[in-house]
Amino acid sequence: MSVKRKIYINVMRIFMWVCIGLTAVLTLFLIGYVLIQGIPNITWELLSTKPSYLSGRIGILPDILNTLYVILATLIIVIPLGVGAAIYLTEYAKNKKVVGIIEYASETLSGIPSIIYGLVGMLFFCRFCGLQTSLLSGSLTLVIMNLPTVMRTTQESLKTVPQSYREGAFGLGAGKWRVIRTVVLPGCVDGVITGCILSVGRILGESAALLFTAGFAHALSGLFEGLGNSGATLTVALYFYAKEEGEFGVAFAIAAILMVLTVIINLAATLTQRHFQKRRRI
Amino acid sequence: MGLITVGFVLLITVYLVISGIPAIGEIGIINFLFGTKWASTASEPSFGILPFILTSIYGTAGAIIIGVPIGFMSSVYLAKMANKKVKTVIENAVSLLAGIPSVVYGLVGMMVLVPGIRKIFHIPDGASLFAAIIVLSVMILPSIIKVSLTALEAVPKDYEDASLALGATPVETYFRVSVPAAKSGIAAAVVLGVGRAIGEAMAVMMVAGNAPNMPSLFGSVRFLTTAVASEMSYSAGLQRQVLFSIALVLFLFIMLINAALNFFLKREKVK
């Protein structure tokens, strides 16, 4: 083997090792650093109270609740829309052109940066629809953001429902809607669930779109009352505490919580996928 | 139902165009796009967004220059050389990396990177274009690794077997046969990275310093996204309209990138 080839091979090999090493070290460092800085700052008081200027106390309970409200409200709206759209696209739509346009539109939607969603959400939901800066307008903005995700995962799993199931049901005399309801939909539960988990992850991590639509108040309130008011989710609170108030301890505590939640969501996504794959094989 | 999606895209486009055009008309498109001075709150305001456009382009290019080789090499290693255990561990770690909220990246960048840069390069403030580039390149790593991994794994095994049988060593095979075969998938990964880097707002806002200067590597800079985000809360009148115009410019960039992405993905399918 010529020297040149040997050099080429070794250089490439070393380069690859360096890169993969860098990736691994970076990941480990990020996770480790956030956890080490954050976990000592998580106290029960932090988790269970609301901030109070009088006693100089910082609590993130309202932020946790706001995050939950936003996730709930978004999922409730986005699931029917996304699943409906996916069913229409795979089961009903005949016109190839319309399908193409819709798919192109949803691809475009998934590529738009969140700050633009935030702007348009602010203009449309907060101003035009008169919802003000509230968790509800934040959720509605997130609905638009997550629609493509839910639609795509549902569509993928709809495609895996064997055509023969549908034909069998039709052969037994079932109508179109009945076939979809009793045969097709149960077969695509896994897609819907994966879509939900992915959406929850995205909502949890979203900050730019919520900054202008949901605001950053820290009031403690119930679900319906809360939806009408402005409120910060965990990520927005993190940004607020780190950038505006310089409370890095609190910021790192929130970051650690978010990190743990991300791990849980990732695990949940893999587990559901594996669970349904197993069931399908039987 | 499906039409709702189209409706949303139209809604976003229409709203951005409607609210973005008037300000451009008022300032004049040349002054707006190529003006180098941004002084939105001065008594004689001047709205030139060239610094933001250039910063966004430089920042994205920098992130691509650092992020793509690392991500690409990692994915070649993962796809071809790593044993199964290493591969699963790193793949999981990478998808975790993809799920971490951008503010967390921003926070770590603010606490580690910014002071680090200040010390190493002896500059008064570490919040700079350089810090933003590094944060962005870490943020685009997961998408680059994932997409190029998928492309590399889709290369037919026969190609590699044939190359090995002709006497090429494994490493040569990976880089001279597998990589060219997965070319358009890898191109799609790069474009996806560009899209993610140019659209990122929060993490960049926390590390870039946000002064509307012309871009310089160690100076405080403002991106298109952060220009919108940082003045939105207190803007009014023409200043607010200008922010929408900036968003419109950003939107046009993203549309271009999307078109490029579609082009590469289509080519992949045709093959």
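Residues numbered from 1 in each chain as written. Chains lettered and ligands numbered in written order. Predicted model: local features only at pLDDT ≥ 70, side-chain atom pairs only at ≥ 80, totals over all residues. Heavy atoms only, no water.

Engineer: Please set out the nonpolar core residue by residue, giving values where relevant.
Structural biologist: Membership of the largest hydrophobic core comes to 150 residues, with the highest contact counts inside it found for A:Leu238, B:Ile12 and B:Ile246. Of the residues forming this core, the biggest block, 12 residues, is contributed by helix H13 (residues 248-281) of chain A. Setting aside its immediate chain neighbours within four residues, B:Ile12 contacts A:Leu109, A:Ile112, A:Ile116, A:Tyr117, A:Val120, A:Ile144 and B:Phe251. In this structure, A:Cys19, A:Ile20, B:Ile70 and B:Tyr174 belong to the second largest nonpolar core, which totals 27 residues. (Core = buried A, V, L, I, M, F, W, Y, C linked by side-chain atoms within 4.5 Å. Buried < 20%, exposed > 50% of the residue type's maximum accessible area, 1.4 Å probe, protein only. Helix = DSSP H or I, 4+ residues; strand = E, 2+ residues; numbered from the N terminus. Contact = heavy atoms within 4.5 Å.)

Engineer: Can you tell me about the packing of aromatic side chains, naming the residues and giving the values?
Structural biologist: One pass over the full model with this rule turns up four aromatic pairs over all chains. Judged by centre distance (5.4 Å) and plane angle (25°), the ring pair of A:Phe29 and A:Tyr33 falls under stacked. Of the two residues, A:Phe29 and A:Tyr33 both sit in helix H1 (residues 3-38), four residues apart, roughly one turn of that helix. Looking at A:Phe29, the relative accessible area reads 38%, which means it is partly exposed. Here B:Phe121 and B:Phe130 contribute two aromatic rings whose centre-to-centre distance is 5.7 Å and whose plane-to-plane angle is 85°, an arrangement assigned as edge-to-face. (Phe/Tyr/Trp six-rings, centres within 6.5 Å; stacked < 30°, edge-to-face > 60°.)

Engineer: Go over the environment of B:Gly199, please, and point to the residues and values.
Structural biologist: Structurally, B:Gly199 can be placed in helix H9 (residues 183-199). On a C-alpha basis, the gap between B:Gly199 and B:Met139 in space is 12 Å, while along the polypeptide they are 60 residues apart. Residues in contact with B:Gly199, not counting those within four places in the same chain, are A:Pro113, A:Ile115 and B:Thr225.

Engineer: I'd like a description of the interface of chain A and chain B, backed by residues and values.
Structural biologist: Taken together, the 68 residues of chain A in the interface contact 69 residues of chain B. Between chain A and chain B we count one salt bridge in total. A:Arg5 is the salt-bridge partner of B:Glu172, the closest N and O atoms lying 2.7 Å from each other. Counting the contacts that link chain A with chain B gives five residue pairs in polar contact (both at pLDDT 80 or more). Among the secondary structure elements, those contributing two or more residues to the side of chain A that touches chain B are H1, helix H3 (61-92), helix H4 (96-111), helix H5 (114-128), helix H6 (135-160), helix H10 (208-213), helix H12 (234-244) and H13 of chain A. Counting residues per element, the side of chain A that touches chain B draws most heavily on H1(A), which supplies 19 residues. Residues that form the side of chain A that touches chain B fall into these classes: 52 nonpolar, 11 polar and five charged. (Salt bridge = Lys/Arg side-chain N within 4 Å of Asp/Glu carboxyl O. Polar contact = N/O pair within 3.5 Å; in protein donor to acceptor, adjacent residues only side chain to side chain. Nonpolar A, V, L, I, M, F, W, Y, C, P; charged D, E, K, R; others polar.)

Engineer: Help me get a handle on the confidence of the model for chain B, residues and values and all.
Structural biologist: In this model, chain B carries a mean pLDDT of 81, and residues with pLDDT of at least 70 account for 93%. Interface confidence for the predicted complex, expressed as ipTM, amounts to 0.81; the pTM equals 0.84. (pLDDT = per-residue confidence, 0-100.)

Engineer: How would you sum up the packing of H1(A) against helix H4 (residues 84-99) of chain B? Please name residues and give values.
Structural biologist: For the pair H1(A) and H4(B), the least separation of the axes is 10 Å and the interaxial angle reads 55°. In terms of orientation, H1(A) lies oblique with respect to H4(B). Note on packing geometry: the crossing formed by H1(A) with H4(B) is left-handed. In this structure, H1(A) uses A:Ile20, A:Thr23, A:Thr27, A:Leu30 and A:Ile31 to contact H4(B), whose residues at the interface are B:Ile90, B:Ala93, B:Val94, B:Leu96 and B:Leu97. A per-class count over the contact of H1(A) with H4(B) returns eight nonpolar, two polar and no charged. (Axes fitted to C-alpha atoms, helices over the stretch in contact; angles between N-to-C directions. Parallel < 35°, antiparallel > 145°, perpendicular 65-115°, else oblique. Left-handed = near helix turned anticlockwise from the far one by under 90°.)

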